[in-house]
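Spelled out from the first residue to the last, the chains are:
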Amino acid sequence: MPTPKAKELYSIVGFNFGINNLESATALESDSLGPYSYKYRIALREAVNVDLTLTGGVRRRDGYSLISSGRVTSLWSDTRLSFGLCVRDGYLCRVSEDGVLTQLTTVTNEYICYAYANGDVLWSDGTRCGRVKADGTWGYWGLPVPPKPSASTASGGDLTEGRYRVAVTCVDAFGRESACLGFVEIDVANGQKIVVTGVPTSGRSDITNFYVYCSLPFGETLYVSRRLDLGLGGCEISLADLKRGQELVTLHLSPPTGAKFIRVEYGRALIARENYIVASSPLNFDLFDEAYNTIPFDSIVTGIECTGDGWYVGTEKGLYFLQGTDLDSLKVARLNYAGVVSGTMTRVERKYIVDKGRDAIYWLGTDGLFYSGSPGGEVAPLAAGRFKVGRFASGASLTRQLRGSRSVLFTVSPTNLDAERGIAQVVPPLAPYKLQGAAQLGAVVCGI
C-alpha cells in the first residue's frame, strides 16, 4: 500500500471552535484554512489535563508537587493577606507563602467557608464560628450571650416607686458588646434600691467586663447603669445609676452561628444556613437580628455572591437576585429554575473581565450548564447547545490568569457518594472528563 502524501491527509492545526460534547464526533464544527488547504480548525470533543489558548492551541497544564501530606480541604486565600487557610486532618491551619502549615484550632467539619472582613477572616464549619486575625492568629467571632440576671429589692435606697427592667451584656477587651438575651422586671417601692445578682463571675478568655442596664420607672428603654469587672457577680442600683450611659441596642439579637457560606459586603456580613440567609447589623458583623434580617428561599442555599447592586443567591432548585443594598428595600426576583451546584458560585473581579466596568458571577447549574451573571440580574448561559456536564453534588471554583490566559477553573465532585468508598463512579456519556478511582475529580475550565 503506498504511503499517502501529506497534502492527502487532513491536518488539525487548532481548536478554534472551542469544546463541544453535545454533537457526535463526526459532526463537530470544522473549517479549512483555504479552499485548497488540507489544514483544518475544528471543535474539541474531549481533553484531559490541557488548556486551550486564545488562538485555539492546546497547552498541557503545569505539574504539581507535594507540599504537605494528609487530608487537606477548604483551601482559601485572599490577595490582601500574606497567608492562606485550609483544613488538614481536622485542624484549621494557616498556610504561609512558602507552604508551611500551622495549626490554629480544631474544627467539627472539614468543609469550611470564609470571608475577608476589614483585615480579618471570618470562618465557619457549619457549627462553630471563628476569626483569624490579620497577623494570622486565631480569635473569636461573636461574643457569648450571658443569661438573664436576678434582681431583688432592698431598703436603704433612693429609687422612686415603679416597675424597672434590668438586663446584662458582656464586653471584650476591644469594646465589642454581646447580644442581650432579655430583661427581668421588678417592682420597686419608694426608698428602695435594686440588688442585681447572677452575673457570671467567669467566662471566655476574651471577656473583660459586663454592662448592667436598667430602665427608668415604668420605662421601656434600658440604659447602662453599672460596668462590672469580671468576677464581681452583681451590684446595687440607686437613683444616681439611672440613665448614666448608652441605650441598650443589642436586645434579642444573637451572635453568628454555624454557616455554610459567609459573605461581607455593604457594611454587613451575610451567612447562609439551610434554606435561608441572615444579615448582620449594619457595620457590626458580630450581631444578627434573625427576627427581621432573615430571607427564606425554596430550598438549601448553595451559593451567594455580591455584585455592585445586589446579591446572586443559588439554591438546590433555583437562582435568585436580590436587587439593592438596603435590606429594608430589597427586591427579590427568581431568575432561573435550574439550581446551582453547591460551592461553584464565584465572583470574578472586573480587572479579569473583558468589560472592566463591572464584576461578574460564574457558576455551574444543576442542569449541567455554566452561567455568568452581571449586575442587575443579567444571566447568560455559556456555550449553551455546545457543552454540558453531568450531575454533581458540590464543587469549588477559582479564577486563574496564566500566560495571558484568563479563566475560571471549576472542580466538581460526583453525586454518587460511593466514590468516597472507592466504588467506581458511573460517568454520564456527556461528561467531558474521566473519573478514575475515588480521589480524582473532574476539572473544567471556562474561559473569560
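Higher on the page you've got the structure.
Residues numbered from 1 in each chain as written. Predicted model: local features only at pLDDT ≥ 70, side-chain atom pairs only at ≥ 80, totals over all residues. Heavy atoms only, no water.

### Examining the overall build of the protein
Working step 1: A count of helical and extended segments in the protein gives zero helices and 36 strands.
Working step 2: Within the protein, the fraction of its 448 residues that count as buried is 45%.
Working step 3: Contacts in the protein between residues at least 24 apart in sequence constitute 53% of all its contacts with a sequence separation of at least 6.
Working step 4: Counting only carbon and sulfur atoms, one obtains 51% of the accessible surface of the protein, whose full area is about 22,900 Å². (Helix = DSSP H or I, 4+ residues; strand = E, 2+ residues; numbered from the N terminus. Buried < 20%, exposed > 50% of the residue type's maximum accessible area, 1.4 Å probe, protein only. Contact = heavy atoms within 4.5 Å. Areas by Shrake-Rupley, 256 points an atom, 1.4 Å probe, with all protein chains shown as cover.)

### Here we look at the state of the cysteines
Working step 1: Going through the model one piece at a time under the given rule, you end up with zero disulfides.
Working step 2: Here Cys86 stays unpaired: no disulfide links it, and the sulfur of Cys93, its closest cysteine neighbor, is 5.0 Å away.
Working step 3: Of the residues examined, Cys86 reaches a relative accessible area of 2% and is grouped as buried. (Disulfide = S-S within 2.5 Å.)

### Notes on the sheet that holds strand 28 (residues 319–323)
Working step 1: The sheet built from four strands is open, its strands ordered 26-27-28-29 with antiparallel pairing. The open sheet has two edge strands, strand 26 (301–307) and strand 29 (331–336), and neither has a second partner. Between one strand axis and the next, the sheet turns through 20 degrees on average, direction left out of account.
Working step 2: Pairing between strand 27 (residues 310–315) and strand 28: five bridges, direction antiparallel. Bridging across to strand 28, Val313 finds its partner in Tyr320. (Pairing = 2+ DSSP bridges. Axes fitted to C-alpha atoms, helices over the stretch in contact; angles between N-to-C directions.)

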